[in-house]
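Overview (structure and organization)
Below are the chains, spelled out letter by letter.
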Amino acid sequence: MKTPARPATQTTAIARPLLASRVEAGFPSPADDYVERTLDLNEELITHPAATFFLRAGGRSMLGAGIHDGDLLVVDRSKTPETGMVVVAVVDGEFTVKRLTRGPDGPTLTAEHRGYPPIPIGPDTEVTIWGVVTWVLHRP
Amino acid sequence: MYALVDCNNFYASCERVFQPALEGRPVIVLSNNDGCVVARSQEAKDVGIAMGEPFFKCRERIRRHRIAVRSSNYTLYEDMSRRVVQTIMRFIPDVEIYSIDEVFLDLDPLVGRDLEALCRTTRATVRQWTGIPVSVGIAPTKTLAKLANRIAKKTPGTDGVYWFPAGEAEQARVLKSVAIEDVWGIGRRWSARLHALGVRTALDLSRMPASEVRRGFNIVAMHTALELRGVPCQELEDDPQLRQTLVRSRSFGRMVSSWPELSEAIASHAIRAAEKLRHENARAGHLSVFVHTNRFREDLPQYGGSGSCELLPATSTTPVILSKALEIGQRLWRSGFQYKKAGVMLSEITRGPVQAGLFEQRDEQRDDRLMGTMDRINRKMGSGTLRPAASSFKPQRWAMAQDHRSPRYTTRWDELPRTR
């Protein structure tokens, strides 16, 4: 059985007009010529739609990086994790957000709040990097 | 040259992307309604869970091997499937989406490049971007690409990519290793008759004279035989317009017997099918409706029926399709039976402007505007906000049993995966 290809588009419900003038009969506004497009948040937040996932942050371990409980994380799996990046990692089968740092024993997941010990990443640990956090959306 | 990309244990793999704790554990996914096993991780295959096995028959093994059980989560699988295809298309743009987990690729436009390296890069990128493991078979025909994919999947040394060999002796060796019932398009229906003729492997079929295959079977089987020899008979079907039918059906969560309940289900399927048609800018010329009881419940009286009608002119208008579907449904319904499933099928699908019919009475343009407005509102406000009064406003009692469904991680704001 064959399924039709769907267009690879992504739309957003939040679109703001770049410039808009009131419609008044008989007086075309000169500004109308400049209305070309609307701002699409997806364009700014998502570089690789196929590889981008949203996750919900839990806990307080990354408060220092401005990540609060309940914040929305934009995670791009196409990015290669590098030292200094905030990543979503899998530790003991669970998702966690931490900063990828270089510790004395190699790559390490480091929290940014007191009381959370660093988690070493090595050949004999069950830790994998799931994706790179590219944006944090926080409700003020 | 063609390639077939096939996602490994697709449904189970989708579940694992968002539940990493399932990695290394046996996982099974159940059919609509939690009836039987429709997908298994490798570990579940290894402990002897069979495809299609009824759920209740595996309960003991599920406990013993700590098998993770999931209801099918088609919302998630469809979204992941879309991501896999999008990723593939960055590398190889000519694709035919063959099923939710299989994509044919046309490699001819890329000739001159290192195709195997390209396929390996594609495979690795799909894995990284989406988390889904895939296998790739490369060959001069689609039938052979399908066969090569099987080998890529089953042979450890291939690392997930297998190119059907060029040398004749090598080809014969590979074809001989594939049983006739495992050849794409042959299936159980023909394999018994082929066995009787002494045709047991793909190699045997490829050596049968084409005219003989055509006489003994049909033209489809002849194409299969030719394709096994490396003669392409099927091109990519990359055009959704070729889709001939559209089916919306579902088993009931529990059996229903009354006409109000059955008609609600038929109405809901008809409405969704019409919506889908309009989404594809298509119209249907033929409508059929079917209902049946649970044939596995031998203790209950059995009944099944289907009926159909022409849609003249071809239409995608909800009120027309809905009223005809209900008319047919009413003719099919008999009291005293417990119904298990109902569905609606639209066929003779066409695109583009309609021919004005001689006896056309409805104002099709007005219908189109009305339907367009309804679809827009439903897209904005949520599916089912506006609907004809025949479909229920109460929570639907016939909705599927999905006791083990995981969250719709990629399509619902309130079901996103959480970090700890």
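Please read these numbers as outputs of a predicted model, since none were measured by experiment.

Here is what the cut-offs are and how they apply
Residues numbered from 1 in each chain as written. Chains lettered and ligands numbered in written order. Predicted model: local features only at pLDDT ≥ 70, side-chain atom pairs only at ≥ 80, totals over all residues. Heavy atoms only, no water. Helix = DSSP H or I, 4+ residues; strand = E, 2+ residues; numbered from the N terminus. Contact = heavy atoms within 4.5 Å. Areas by Shrake-Rupley, 256 points an atom, 1.4 Å probe, with all protein chains shown as cover. Buried < 20%, exposed > 50% of the residue type's maximum accessible area, 1.4 Å probe, protein only. Pairing = 2+ DSSP bridges. Axes fitted to C-alpha atoms, helices over the stretch in contact; angles between N-to-C directions. Left-handed = near helix turned anticlockwise from the far one by under 90°. Nonpolar A, V, L, I, M, F, W, Y, C, P; charged D, E, K, R; others polar. Buried area = accessible area lost by both parts, 1.4 Å probe. Salt bridge = Lys/Arg side-chain N within 4 Å of Asp/Glu carboxyl O. Polar contact = N/O pair within 3.5 Å; in protein donor to acceptor, adjacent residues only side chain to side chain. Core = buried A, V, L, I, M, F, W, Y, C linked by side-chain atoms within 4.5 Å. Expected span 1.5 Å × (residues − 1). Right-handed = clockwise from strand over helix to strand, strands pointing away.

Considerations on the overall build of chain B
- Scanning chain B from N- to C-terminus turns up 14 helices and 12 strands.
- For chain B, the proportion of contacts with a sequence separation of at least 24, taken over those separated by at least 6, is 68%.
- Working note: accessible area of chain B is about 20,700 Å², and carbon and sulfur atoms make up 51% of it.

Overview of the pairing of strand 5 (residues 95–99) of chain B
- Most of strand 5 of chain B is tucked away: 5 of the 5 residues are buried.
- Where strand 5 of chain B folds back onto strand 6 (residues 102–106) of chain B in an antiparallel hairpin, the turn is made up of 2 residues.

Here we look at the environment of B:Ala39
Residues and elements named next belong to chain B.
- You can see Ala 39 is positioned in strand 3 (residues 37–40).
- Given a relative accessible area of 8%, Ala 39 falls into the buried group.
- On a C-alpha basis, the gap between Ala 39 and Phe 10 in space is 7.6 Å, while along the polypeptide they are 29 residues apart.
- The residues touching Ala 39, leaving out its near neighbours within four places in the chain, are Tyr 11, Val 27, Ile 28, Val 29 and Met 51.

A few points about the packing of helix 12 (residues 259–279) of chain B against helix 13 (residues 318–332) of chain B
Residue and element names in this part refer to chain B.
- Interaxial distance between helix 12 and helix 13 falls to 9 Å at its minimum, and their mutual angle equals 145°. In the crossing of helix 12 with helix 13, the sense of the turn from one axis to the other is right-handed. Where helix 12 abuts helix 13, its residues Trp 259, Ser 263, Ile 266, Ala 267, Ala 270, Ile 271, Ala 274, Leu 277 and Arg 278 lie against Thr 318, Ile 321, Leu 322, Ala 325, Leu 326, Gly 329 and Gln 330.
- Tallied by class, residues from the contact of helix 12 with helix 13 come to 11 nonpolar, 4 polar and 1 charged.

Details of the interface of chain B and chain A
- On the side of chain A, 33 residues touch chain B, which itself brings 33 residues to the contact.
- Of the roughly 3,000 Å² buried between chain B and chain A on both sides combined, carbon and sulfur atoms contribute 55%.
- If you sort the residues of chain B by the area they bury against chain A, B:Trp129, B:Thr419 and B:Arg420 come out on top, with a joint share of 23%.
- On inspection of chain B and its partner chain A, the count reaches 1 salt bridge.
- Close ionic contact of B:Arg420 with A:Glu94 constitutes a salt bridge, the shortest N to O distance being 3.7 Å.
- Where chain B meets chain A, there are 14 residue pairs in polar contact (both at pLDDT 80 or more).
- Among the elements of the structure, helix 1 (10–18), helix 4 (74–91), strand 5 and helix 5 (115–130) of chain B are those that each provide at least two residues to the side of chain B that touches chain A.

With respect to the sheet that holds strand 9 (residues 245–256) of chain B
All names here are of chain B.
- Here we have 4 strands laid out as an open sheet, ordered 9-12-10-11, and antiparallel in their pairing. In this open sheet, the two edge strands, each paired with only one partner strand, are strand 9 and strand 11 (304–315). Across this sheet, the average inter-strand angle for adjacent strands is 15°, counted without regard to direction.
- One ladder, built from 8 bridges, connects strand 9 with strand 12 (residues 339–351); its direction is antiparallel.

Re the nonpolar core
- One finds A:Leu73, A:Trp130, B:Met80, B:Leu105, B:Leu107 and B:Ile132 to be the most contacted residues of the largest nonpolar core, which totals 47 residues.
- Top element by residues in this core is helix 4 of chain B. It accounts for 6 residues.
- Residues contacting B:Leu107, with those up to four places away along its chain left out, are B:Met1, B:Tyr2, B:Ala3, B:Ile92, B:Leu115, B:Cys119 and B:Ile138.
- B:Leu4, B:Ala145, B:Val174 and B:Val183 belong to the second largest nonpolar core, which has 37 residues in total.

A look at the pattern of salt bridges
Residues and elements named next belong to chain B.
- Taken as a whole and judged by the stated rule, the model has 16 salt bridges over all chains.
- Arg 63 serves as the salt-bridge partner of Glu 60, at 2.7 Å between the closest nitrogen and oxygen. In this pair, Glu 60 and Arg 63 are both assigned in helix 3 (residues 59–64), 3 residues apart and thus about one turn of the helix distant.
- For Arg 63, a relative accessible area of 60% gives the class exposed.
- Salt bridges linked by common partners bring Glu 60, Arg 63 and Arg 64 together as one network.

Things to note about helix 13 of chain B
- In this model, helix 13 of chain B (15 residues) spans 21 Å end to end at C-alpha, consistent with the 21 Å of a helix rising 1.5 Å per residue.
- Regarding helix 13 of chain B, the residues found buried are B:Thr318, B:Val320, B:Ile321, B:Leu322, B:Ala325, B:Leu326, B:Ile328, B:Gly329 and B:Leu332.

Focus on the pairing of strand 7 (residues 134–139) of chain B
Residues and elements named next belong to chain B.
- Burial analysis of strand 7 places 6 of its 6 residues in the buried class, which makes it a mostly covered element.
- Side chains of strand 7 alternate between two faces, with Val 134, Val 136 and Ile 138 and Ser 135, Gly 137 and Ala 139 buried alike.
- In terms of strand pairing, strand 1 (residues 2–7) meets strand 7 through 6 bridges, oriented antiparallel. Bridge assignment links Ala 3 to a residue of strand 7, and that residue is Ile 138.
- Each parallel crossover has a hand, and for strand 7 linked through helix 6 (residues 142–154) to strand 8 (residues 161–163) it is left-handed.

Structural notes on helix 1 of chain B
- Across the 9 residues that make up helix 1 of chain B, a large majority, 9, are buried.
- Within helix 1 of chain B, the full set of buried residues consists of B:Phe10, B:Tyr11, B:Ala12, B:Ser13, B:Cys14, B:Glu15, B:Arg16, B:Val17 and B:Phe18.

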